[in-house]
Amino acid sequence: MKTILNILLFASLAFMVSCGAKHEHEAEHEHDHDHEVEGAEEHGHDSDEIVFTPEQAKAAGLEVETVKAGEFREGIKTSGQVLTAQGDDETLVARSTGILKLNVASLVEGAEVAAGRTLFSISSVGMSDGDVTNRARLEYEGALKEYNRAADLFKDQLITQGELNELKLKLDLTKEALKYGKTTTPASTVVTAPFTGFVKQLLVKNGEFVTAGQSLAVITKNKRLQLRADVSEKYYSHLGHITGANFRLTGSDRTFNIEAIGGRLVSYGRSTANDICFVPVIFEFDNTDRDIVAGSFCDVFMLGKRRENVISVPISALTEDQGLYYVFLQVDDEGYKKQEVEIGETDGIRREIVRGLNPGDKVVVKGAVQVKLAGMSGVIPAHTHEH
């Protein structure tokens, strides 16, 4: 019995010592935490701030823009396609029937060609119709003799003016057939490049049989391009205010401004087809950027009415979380905080901010994703690709 009492007494003493030590440890931990908070307050940072030193911000690629109200143009978002401008293409056709030969070994789509360079030759030797070029020459010589003889008869008033005119027309037609005489040989007819440009489409193969009038290739100057945007008919009343556009090629982060690349609005449709509920809007611009390729599809933001005193930020400044949008504000040299905002219209480059920002606020416009990740993890990501 005495032994049991000793054991209970020893256990009670041990529990009291343990509780005392735990209380002392919690008090010490609380003291340390209070010390950390006091330290943060001494440096001017709230507990919800994300701290980046200037060196860390530079390493993360952060850029900051001071908010100010300014001009903003409403945008209508739709889809579109980049096309070759009218007059920038020319289709080469066969001028005779025969066997086609490529005169340029490297004649492929995308190949550069010089004005006047021979691209194709068409031989009619051995064909059932004979040498078309030689036949045209014989027809011209016969028409010339017939006209000269008729001219002498007309002087003697043996034929009428109308009969002479008919023979003159025949002579002109046969002469027209030989106007390409400088680009022909007795055995073949050649087709040359009309201007310096690129092969957009090659429609024939070497050794292929072609007929007169058949399309052989499409050559493009590649100097001007068109942007065709298909706009829902519900926006038809807005089209009269459209003067420009921003567009972004599918799969690209880069946005182009029509006016900045020498472009302008050409026209827009005044009606829709029976089975199509879209109105075409056509822009034209200089092809000075290798990133823009004819045939590419894109997102188009057509720019309409101008509004003043609008607060906006680059699209890259916005982050989204569960349907809510945020930006990150710089509060001092090392402190950043998350700010919820309400967004409005976009022109494809900037987004209107309806609520949440004031003039003078400093917003992170590049590197917002890095700030977001750092706030979630407490560390700065080594590198994050931002869209």
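Structure first, text after, so check above.
Residues numbered from 1 in each chain as written. Predicted model: local features only at pLDDT ≥ 70, side-chain atom pairs only at ≥ 80, totals over all residues. Heavy atoms only, no water.

Visitor: Could you give an account of the overall build of the protein chain, naming the residues involved and the relevant values?
Guide: A tally of helices and strands in the protein chain yields 5 helices and 24 strands. Here the protein chain holds 387 residues, and the buried ones make up 32% of them. For the protein chain, the share of sequence-separated contacts (at least 6 apart) that also reach a separation of at least 24 residues comes to 74%. Surface summary for the protein chain: the accessible area is close to 23700 Å², and the carbon and sulfur share equals 52%. (Helix = DSSP H or I, 4+ residues; strand = E, 2+ residues; numbered from the N terminus. Buried < 20%, exposed > 50% of the residue type's maximum accessible area, 1.4 Å probe, protein only. Contact = heavy atoms within 4.5 Å. Areas by Shrake-Rupley, 256 points an atom, 1.4 Å probe, with all protein chains shown as cover.)

Visitor: Help me get a handle on the sheet that holds strand β18 (residues 297-310), residues and values and all.
Guide: Read from one edge of the open sheet, 7 strands run β15-β14-β18-β3-β13-β17-β16, paired in antiparallel fashion. Lying at the two open borders of the sheet, with one neighbouring strand each, are β15 (255-257) and β16 (264-268). With strand direction ignored, the average angle separating the axes of adjacent strands in the sheet is 35°. (Pairing = 2+ DSSP bridges. Axes fitted to C-alpha atoms, helices over the stretch in contact; angles between N-to-C directions.)

Visitor: Lay out the nonpolar core in plain terms, naming residues and giving numbers.
Guide: Formed by 22 residues in total, the largest nonpolar core has its most connected members in Val82, Leu227, Phe247, Phe285 and Met302. Every element with two or more residues in this core is listed here: β3 (70-84), β13 (224-232), β14 (244-249), β17 (278-286) and β18. If we ignore the near neighbours within four places in the chain, the residues touching Val82 are Leu225, Gln226, Leu227, Phe247, Leu249, Phe285, Ile292, Val293, Ala294, Gly295, Ser296 and Cys298. Val104, Leu107, Val191 and Val204 belong to the second-largest nonpolar core, a separate cluster that totals 19 residues. (Core = buried A, V, L, I, M, F, W, Y, C linked by side-chain atoms within 4.5 Å.)

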